[in-house]
Amino acid sequence: MTAALEVIEAPAAAIEGRSPLVLAVARLRKDRVAMISLAVIVLIVLMAIFAPVFASITGHPPNEQYRDIGLTPDGLPKGPNGTFWLGTDDLGRDILVRIAYGARVSLLVGVLATAITVAIGVVLGLAAGFLGGIVDTILARLIDVVLSVPFLLVAIALVSVTGPSLTVTVCVIGFFSWASVARIVRGQVLSLREREFVEAARSLGAGDTRIMFVDVLPNVLAPVIVYTTLLIPVVIVTQATLSFLGLGLPPPTADWGGMISASQNYYTTAWWFIFFPGIALLVTTLAFNLFGDGVRDAFDPRADRLR
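Fair warning: this is a prediction, and the values are worked out from it, not measured in the lab.

S.K.: Would you mind showing me how to read the overall build of the protein chain here?
M.R.: For the protein chain, the helix and strand inventory stands at 14 helices and zero strands. Walking the protein chain from its N terminus toward its C terminus, one meets helices and strands in the order α-α-α-α-α-α-α-α-α-α-α-α-α-α. Relative to the globule expectation of 19 Å for 307 residues, the C-alpha radius of gyration of the protein chain, 25 Å, shows a markedly less compact shape. When its C-alpha atoms are laid out on the principal axes, the protein chain stretches across 90 × 60 × 30 Å. Here the protein chain holds 307 residues, and 41% of them are scored as buried. Sequence-distant contacts in the protein chain: of pairs separated by 6 or more residues, those separated by 24 or more amount to 74%. For the protein chain, the exposed surface amounts to about 16,300 Å²; the carbon and sulfur share of it is 67%. Taken together, the 21 basic and 22 acidic charged side chains of the protein chain have centroids lying 3 Å from each other.

S.K.: In this structure, what is going on with the packing of helix 6 (residues 133-148) against helix 9 (residues 178-192)? I would like to understand it.
M.R.: In a packed pair of helices, the relevant descriptors are the angle between the two axes and the axis-to-axis distance. At a closest axis distance of 9 Å, the pairing of helix 6 and helix 9 adopts a crossing angle of 140 degrees. Overall, the two elements helix 6 and helix 9 adopt an arrangement that is oblique. Taken as a pair, helix 6 and helix 9 cross one another with a handedness that is left-handed. Where helix 6 abuts helix 9, its residues Asp-136, Ala-140, Leu-142, Ile-143, Asp-144, Val-146 and Leu-147 lie against Trp-178, Ala-179, Ser-180, Ala-182, Arg-183 and Arg-186. Here the contact of helix 6 with helix 9 is composed, by residue class, of eight nonpolar, one polar and four charged.

S.K.: I'm lost on unusual backbone geometry in this one. Help?
M.R.: Of all residues except glycine, most have a negative phi; of all peptide bonds, most are trans. Cis rather than trans, the peptide bond between Pro-251 and Pro-252 has omega equal to 10 degrees. Checked against the element boundaries, Pro-252 lands in the loop between helix 11 (208-244) and helix 12 (256-262).

S.K.: Please clarify how helix 6 should be interpreted in this entry.
M.R.: Turn by turn, an α-helix covers 3.6 residues, leaving residues three or four places apart pointing in a common direction. Under the 1.5 Å per step criterion, the end-to-end length of helix 6 is 23 Å for 16 residues, consistent within 8% with the ideal 22 Å. On the buried face of helix 6, the contacting elements are helix 5 (95-131), helix 8 (166-175) and helix 9.

S.K.: Teacher, can you tell me more about helix 5 here?
M.R.: Taking 1.5 Å per residue, 37 residues should reach 54 Å; helix 5 reaches 53 Å between its end C-alpha atoms and fits that length. The buried count for helix 5 comes to 26 of 37 residues, which makes it a mostly enclosed element. Once helix 5 ends, the next one or two residues include Gly-132, with phi positive near 65 degrees.

S.K.: I tried to follow the packing of helix 3 (residues 32-49) against helix 5 on my own but got confused; where do I start?
M.R.: Put simply, helix 3 and helix 5 touch, their axes get as near as 7 Å, and they point 110 degrees apart. On the basis of the axis angle, helix 3 is roughly perpendicular to helix 5. Judged by the sense of rotation from one axis to the other, the crossing of helix 3 with helix 5 is left-handed. Contact residues: Ile-44, Val-45, Met-47, Ala-48 and Ile-49 in helix 3; Ile-99, Ala-100, Ala-103, Arg-104 and Leu-107 in helix 5. Residues of the contact of helix 3 with helix 5, tallied by class, amount to nine nonpolar, no polar and one charged.

S.K.: So what exactly am I meant to see when it comes to the pattern of salt bridges here?
M.R.: In a structure, side chains of opposite charge can pair up when their charged atoms sit close to one another. One pass over the structure, following the stated rule, counts eight salt bridges. Each of Asp-89, Arg-93 and Arg-98 takes part in salt bridges that share partners, so that together they form one network.

S.K.: For this particular structure, what's the right way to read the packing of aromatic side chains?
M.R.: In this description, an aromatic ring pair is defined by two values, namely the gap between the centres and the angle between the planes. This model, assessed by the stated rule, comprises seven aromatic pairs. Centre to centre, the rings of Tyr-66 and Phe-84 are 5.8 Å apart; their planes meet at 55 degrees, and the pair counts as tilted. Taken together, the positions of Tyr-66 in the loop between helix 4 (51-58) and helix 5 and Phe-84 in the loop between helix 4 and helix 5 put the pair 18 residues apart, joining distant regions of the chain. Using a relative accessible area of 1% as the deciding quantity, one classes Phe-84 as buried. Between Trp-271 and Phe-275 the ring centres are 5.8 Å apart and the planes differ by 70 degrees, which places this aromatic pair in the edge-to-face class. With Trp-271 and Phe-275 both in helix 13 (residues 271-299) and four residues apart, the pair spans about one turn of that helix.

S.K.: Is there a simple way to think about the layout of surface pockets in this case?
M.R.: To find the voids left in a structure, one rolls a probe of water-molecule size over its atoms. Of the voids in this model, the second largest pocket is the one considered here, and its volume is about 300 Å³. Contributing to the lining of the second largest pocket are 21 residues, with Leu-249, Pro-251, Thr-253, Gly-258 and Met-259 lying nearest its centre. For the lining of the second largest pocket, the element with the highest residue contribution is helix 12, accounting for four residues. Split into classes, the residues belonging to the lining of the second largest pocket amount to 10 nonpolar, six polar and five charged.

How each quantity is defined
- Residues numbered from 1 in each chain as written.
- Predicted model: local features only at pLDDT ≥ 70, side-chain atom pairs only at ≥ 80, totals over all residues.
- Heavy atoms only, no water.
- Helix = DSSP H or I, 4+ residues; strand = E, 2+ residues; numbered from the N terminus.
- Rg over C-alpha atoms; globule rule 2.2 N^0.38 Å.
- Buried < 20%, exposed > 50% of the residue type's maximum accessible area, 1.4 Å probe, protein only.
- Contact = heavy atoms within 4.5 Å.
- Areas by Shrake-Rupley, 256 points an atom, 1.4 Å probe, with all protein chains shown as cover.
- Lys, Arg positive; Asp, Glu negative; His and termini not counted.
- Charge placed at Lys NZ, Arg CZ, Asp CG, Glu CD.
- Axes fitted to C-alpha atoms, helices over the stretch in contact; angles between N-to-C directions.
- Parallel < 35°, antiparallel > 145°, perpendicular 65-115°, else oblique.
- Left-handed = near helix turned anticlockwise from the far one by under 90°.
- Nonpolar A, V, L, I, M, F, W, Y, C, P; charged D, E, K, R; others polar.
- Expected span 1.5 Å × (residues − 1).
- Salt bridge = Lys/Arg side-chain N within 4 Å of Asp/Glu carboxyl O.
- Phe/Tyr/Trp six-rings, centres within 6.5 Å; stacked < 30°, edge-to-face > 60°.
- 1 Å grid on protein atoms, 1.4 Å probe; cavity = no way out; pocket = protein on both sides within 12 Å on 5 of 7 lines; lining within 4 Å.
- Points joined across faces, edges and corners; volume = space filled by probe spheres on them.

Here's what the structure looks like:
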C-alpha cells in the first residue's frame, strides 16, 4: 500500500510551477547576445571598480600631467606606447587611466539618475492610473508639460546658475526623464485596476495604497524592468552629451564626454585621443542596449508563441 502511494505521489511531486520571473530568466539565459552583452557590462563595471588598480599598474594618476614625457616636442599628445598604453591627451595625461575613471562617472550617473527616474515615474504612474479622476487629470497634464520642456535649454540655464556638478547632472536627468516612465506605468495600471484581484482585495477591506503597491505594482514590474535596462544607456549618453557641452562634471574630473569634447581639435593629429573614449562610450551603450533588448524579449509573453 505504501509503495502504491509513493507511485501515485511521485508524478505530483515532479510537477513544479514556475513564476513569470523564473521563465523570463530561463529565456534570457538562452539568449547568446544578451549573455555576451551582460559579460561586457560586468567587465566595464569591474574596470570602474578597479580603476585605481590601472593607475597603480601604470603609475599614472588620472589627473597627473606628464608634459615632459606625455607630449611631443610640438606639444601634441603622444600615441600609444610602452609608457602610455592608449596614448595621452592634450595635457599629457594617460588616456587609459582616465577612461577607467570615466567609467565610474558614467555608471554612477546612469544608475543614480535611472533609479530616481524609475522611482518617481512608478509612484506617479501608479497614482494617476489607479486613483483616476482629478488626480489622473492633473498628473497626466504634468506628464505632458515635463515631456514638452526643452531639456538642454533648462539644463544650460540651471548649470549657469548653480555650476556644473555630479548632483546637478543626476537631478536634471532624473527630473526630465520620469515622465516617460510614468506614462508607461499609468497605461498598464489603467488596464489592471478593474481586474478581479483588485476588486477582491478591495472587498476584503484593503486600502488604495496597499492595493497599489502590494497587488498592482508586482503586475507592472516586468515593463518597468525592461524600460529600466533600456533607460540606463540613454542616461549615460545624456550625461556624456552634457559633459561634451561643458555642462557635466567640472575639470579635471575624468569623464568620457569631456574627453571627447577636448579631443575635437586633435582628431587629425592624434586619432587615439577621440577614438578610445568614443569606443568606450559606444561599447557601453551598445552592451546595455543589447542586454535591454534581451530582457524585453525574455519578459514578452508572446516569445513562446513565436517559437
